[in-house]
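The lines below spell out each chain.
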Amino acid sequence: MSDMTKSRCIEVLETVGCDDFEIGLLPVLRHLCVSGQSADPKSWAHAFDIAAERYGEAIGLPAAHGLHKVVLALFACREGGPDIKDPLCPEAKRDITDDEVQFLSMVHHMRRDNSAAARSAVAFVTRGRMDPVLIRNGLTFANRFPSGLGRRARVVGRPKLSVVA
């Protein structure tokens, strides 16, 4: 993708440090938030469809499910939920709200085990409330979808055979 065709929201997320996985969560997040605001079942179905299309069913469906838990926790601790752009509006795809940036920043820092930055993003998204359910769900998501290989990576070597008597 050339610099001329990049949308402003992708540029903003890249400056925050978000990787392609996290950037791809933006439309999923938007649909899940619309579902939380309007109780429209089509919106969460769109979120799951987008995630499965982008990441494949094996990764996309669990990712959408995990993100849905984080969004539900956010709605439980912040009345009205976060400020989001309309996921179906073509013009909105080029823009991003501060809440969307901070939510994805929270996910970004949790996936990298950067506690201080994650706490700051949680405080912004929740308007100062350090909600344990939101944090737990965010960390569960981050643990399931960690960034890169990191410390959880399993070293894969040659298979070894042994005789058991």
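Caption draft 1: Layout of the nonpolar core. In terms of nonpolar packing, the biggest core is built from 42 residues, with Leu25, Leu29, Leu67, Phe103, Leu104, Met106 and Phe141 touching the most fellow members. Secondary-structure elements contributing two or more residues to this core are helix H1 (8–16), helix H2 (20–38), helix H3 (41–55), helix H4 (57–77), helix H5 (98–111), helix H6 (115–125) and helix H7 (132–144). Of all the elements, H4 adds the most residues to this core, at nine residues. Setting aside residues up to four positions removed in sequence, Phe103 forms contacts with Leu29, Leu67, Val70, Val71, Leu74 and Val125.

Caption draft 2: Up close: unusual backbone geometry. Although it is not a glycine, Asp113 adopts a positive phi angle of roughly 60°. Along the polypeptide, Asp113 turns up in the loop between H5 and H6. Owing to a relative accessible area of 47%, Asp113 belongs among the partly exposed residues under this scheme.

Scoring rules and cut-offs
Residues numbered from 1 in each chain as written. Predicted model: local features only at pLDDT ≥ 70, side-chain atom pairs only at ≥ 80, totals over all residues. Heavy atoms only, no water. Core = buried A, V, L, I, M, F, W, Y, C linked by side-chain atoms within 4.5 Å. Buried < 20%, exposed > 50% of the residue type's maximum accessible area, 1.4 Å probe, protein only. Helix = DSSP H or I, 4+ residues; strand = E, 2+ residues; numbered from the N terminus. Contact = heavy atoms within 4.5 Å.

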